[in-house]
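Residues per chain are reported as follows:
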Amino acid sequence: MDDKEKFLKVYSNIPSNIREEIIVVIDDKPYTWNAAYLEVVNDTDLGKKILGKMKELGFL
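All figures in this text were calculated on a predicted structure; none of them were measured in a lab.

## Section: helix H2 (residues 33-41)
Reasoning step 1: Listed as buried for H2 are Trp33, Ala36 and Val40. Looking straight down H2, one finds that the buried residues subtend no more than 60° of arc, so they occupy a single side.
Reasoning step 2: Packing partners of the buried residues in H2 comprise helix H1 (3-12), strand E1 (22-26), strand E2 (29-32) and helix H3 (45-57).
Reasoning step 3: After H2 finishes, the residue Asp43 shows a positive phi value of roughly 50°.

And the structure:
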C-alpha cells in the first residue's frame, strides 16, 4: 500500500469534526485533514509534501 492509499484509509476513518483540525505545517502554513485530502487526491506537489511530512510524523 502506498502513502496515498494509507492516507485515504486513515482519512476515511476520522470523524468529520476532527477533519477540520490542523495535522501538518508545511512552509509555515497549517493544513487540516480536509485541506490535505484535497491536495493528496489531486496529486499536487504540496500533497506529496504533506504525505512525506505525515509519514515522518508517524501518521502513515
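## Brief notes about the packing of aromatic side chains
Reasoning step 1: Taken as a whole and assessed by the stated rule, the structure comprises three aromatic pairs.
Reasoning step 2: Both rings, one in Phe7 and one in Tyr11, keep their centres 5.9 Å apart while their planes meet at 25°; by these two values the pair is stacked. Taken as a pair, Phe7 and Tyr11 lie in helix H1 at a separation of four residues, close to a single helical turn. As far as the burial class goes, Phe7 and Tyr11 line up, both buried.
Reasoning step 3: Where Phe7 meets Trp33, the ring centres are 5.8 Å apart and the plane angle is 25°; that geometry is what we call stacked.

## Here's the deal with the pattern of salt bridges
Reasoning step 1: Applying the stated criterion to the full structure yields four salt bridges.
Reasoning step 2: As a salt-bridge pair, Lys4 and Asp43 come within 3.1 Å of each other at their nearest N and O atoms. On the criterion of sequence distance, the pair formed by Lys4 in helix H1 and Asp43 in the loop between H2 and H3 is long-range, its members being 39 residues apart.
Reasoning step 3: The partly exposed category is assigned to Lys4, whose relative accessible area is 24%.
Reasoning step 4: Residue Asp43 is classed as partly exposed on the basis of its relative accessible area of 47%.
Reasoning step 5: Measuring nitrogen to oxygen at the nearest pair gives 3.6 Å for the salt bridge that ties Lys53 to Glu56. One end of the pair is Lys53 and the other is Glu56, both in helix H3 and three residues apart, which spans about a single turn.

What counts and what doesn't
- Residues numbered from 1 in each chain as written.
- Predicted model: local features only at pLDDT ≥ 70, side-chain atom pairs only at ≥ 80, totals over all residues.
- Heavy atoms only, no water.
- Buried < 20%, exposed > 50% of the residue type's maximum accessible area, 1.4 Å probe, protein only.
- Helix = DSSP H or I, 4+ residues; strand = E, 2+ residues; numbered from the N terminus.
- Arc of directions from axis to C-beta.
- Contact = heavy atoms within 4.5 Å.
- Phe/Tyr/Trp six-rings, centres within 6.5 Å; stacked < 30°, edge-to-face > 60°.
- Salt bridge = Lys/Arg side-chain N within 4 Å of Asp/Glu carboxyl O.

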